[in-house]
Amino acid sequence: MLSANLFRPLPPSSNASVIFDLPDEEDTPSTPAPAWPHLQIVYEILLRLVLNTDAKALRDHIDHSFVLNLLSLFQSEDPRERESLKNVYHRIYSKFTFHRSFMRKAMNDVFLHHVFETERHCGIGDLLEIWGSIINGFTIPLKEEHKLFLMRVLIPLHKPKGMQVYHRQLAYCVSQFAQKEPVLGEIVVRGILKYWPITNCEKEVLLVGELEELVEIIDPEQYRKLALPLFTQITRCLNSWNSQVAERALYVLNNEQFMKMAQEAMDDVFPVIVEGMEKNLKWHWSKSVRQLTETVKVMLEEMEPGLYSKCVTNLELRESAAQQEEIKRREKWKRIELAADAADAAAAAAAAAQNQFL
């Protein structure tokens, strides 16, 4: 009876041509199911059945096929149905221990299909909420299977264009791994940097915030290895022409843990930061970004006055050398153009003389 009422073809998407690129869950397109008053009763019956019946008695009925059919319904655009599905699926996972491995694999298949095939699925955030509670129950040390899930599924979920819709749940799952085993912090940070967006400013703001939270969690022994790639990306962000991205990156430099990381590799990191700061002060269009940059510059100068001035001097020398190279290059091209013009003139004169002779 439950299967006949729940498992049905879902209607075509009302937003078929739209990829989720909205910053807030509340703005996610949703279409209420006309049959929801009926479906709500069916979901309540299923939930009570799962809660009040022995798992062994239901084993032959709530089988792998039933679980997969439930999972396919997460594509429903009705948030009420997805909420009911989330509760039921989670209860089944908790009670039917013999199905857990299969259910985890089935959810992973949905995630991978979303990342590498469609980039569209309404229920990714709901499934990640289920995973959040599952990860919370993992024991330490983590099994290899769970570490592979982090590397092969969770980190690539940062790639899709519509990542903003489920970013809160994704960041929670990732941070859970980093909290349980801080040494995984390097894998997570490098993975996020690998999938860094090029033109999506909303994603950049979210990822900068996620990195800021991760730095609070990861093992300080990894600071030296991560400092240069992390600060290189943060510097690119503070030089962004989008003022929100630039301001968010500048606020990160006020974070105590971030500056501890910088101090672990100061000789490598400081020149990168200083170059970004000076570039902002000279060229950035936003007055608020320039003011915030000036504030951060004062803080950095107080932290390492000698090193900051040294980096500025080296930057000026490099810029001067680059200008000299540019002058030489232009002069060389000018000589080539003059030589070409002279050759053309000589060829024209020779041709004119030959015509006159003829």
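Each chain carries its own residue numbering, running from 1 in the written order of its sequence. Only residues with pLDDT of 70 or above have their local features reported here, since the model is predicted, and side-chain atom pairs are shown and tallied only from 80 upward, although totals for entire chains, interfaces and linings are computed over all residues. Note that the side-chain values use all heavy atoms of the structure and ignore hydrogens as well as water.

S.K.: An account of helix H11 (residues 201–217) is requested, with residue identities and associated values reported.
M.R.: Here H11 contains 17 residues, and its C-alpha end-to-end distance of 25 Å stays within 8% of the 24 Å for a straight helix at 1.5 Å per residue. Partly exposed describes any residue whose relative accessible area lies between the buried limit of under 20% and the exposed limit of over 50%, with all areas from a 1.4 Å probe on protein chains only and scaled to the type maximum. A run of H or I in DSSP counts as a helix once it spans at least four residues, and a run of E counts as a strand once it spans at least two, with each numbered from the N terminus. Within the span of H11, buried status applies to Lys203, Glu204, Leu207, Val208, Gly209, Glu210, Leu211, Glu212, Leu214, Val215 and Ile217. Only heavy atoms enter the contact rule, under which two residues are in contact if any of them lie within 4.5 Å. At its buried positions, H11 is contacted by helix H9 (167–180), helix H10 (185–194), helix H12 (223–238), helix H13 (243–252) and helix H14 (256–264). In protein, a polar contact requires one atom able to donate a hydrogen and another able to accept it; more generally it is a pair of N or O atoms within 3.5 Å, and residues adjacent in sequence count only if both atoms are side-chain atoms. A side-chain oxygen of the first residue of H11 lies 3.3 Å from the backbone nitrogen of glutamate 202; this N-cap is asparagine 200. Any helix carries an expected span of 1.5 Å times its number of residues minus one.

S.K.: For the packing of aromatic side chains, give the residues involved together with the corresponding values.
M.R.: The description of an aromatic ring pair uses the distance of the two centres, along with the angle that the planes make with each other. Two aromatic rings from Phe, Tyr or Trp, using only the six-membered ring of Trp, form a pair when their centres are within 6.5 Å; if the ring planes differ by under 30 degrees the pair is stacked, by over 60 it is edge-to-face, and anything between is tilted. Considering all chains together, one arrives at ten aromatic pairs under this definition. Look at tryptophan 131 and phenylalanine 138: their rings are 6.4 Å apart centre to centre, the planes differ by 75°, and that puts the pair in the edge-to-face class. The burial state of tryptophan 131 is the same as that of phenylalanine 138; both residues are buried. Considering the side-chain rings of phenylalanine 270 and tyrosine 308, the 6.1 Å spacing of their centres and the 85° angle between planes classify their relative orientation as edge-to-face. Placement of phenylalanine 270 in helix H15 (residues 266–283) and of tyrosine 308 in helix H17 (residues 305–357) is noted, with a sequence separation of 38 residues between them. When its relative accessible area of 1% is taken as the criterion, tyrosine 308 is described as buried. By the ring-pair criterion, three or more aromatic residues cluster together here, those being Trp131, Phe138, Phe149 and Phe177. As a reminder, the over-ring test applies to NZ of lysine and CZ of arginine, requiring each to be within 6 Å of the ring centre and within 35 degrees of the ring normal. Arginine 59 extends its terminal NZ or CZ atom over the ring of phenylalanine 98, reaching a point 4.1 Å from the ring centre.

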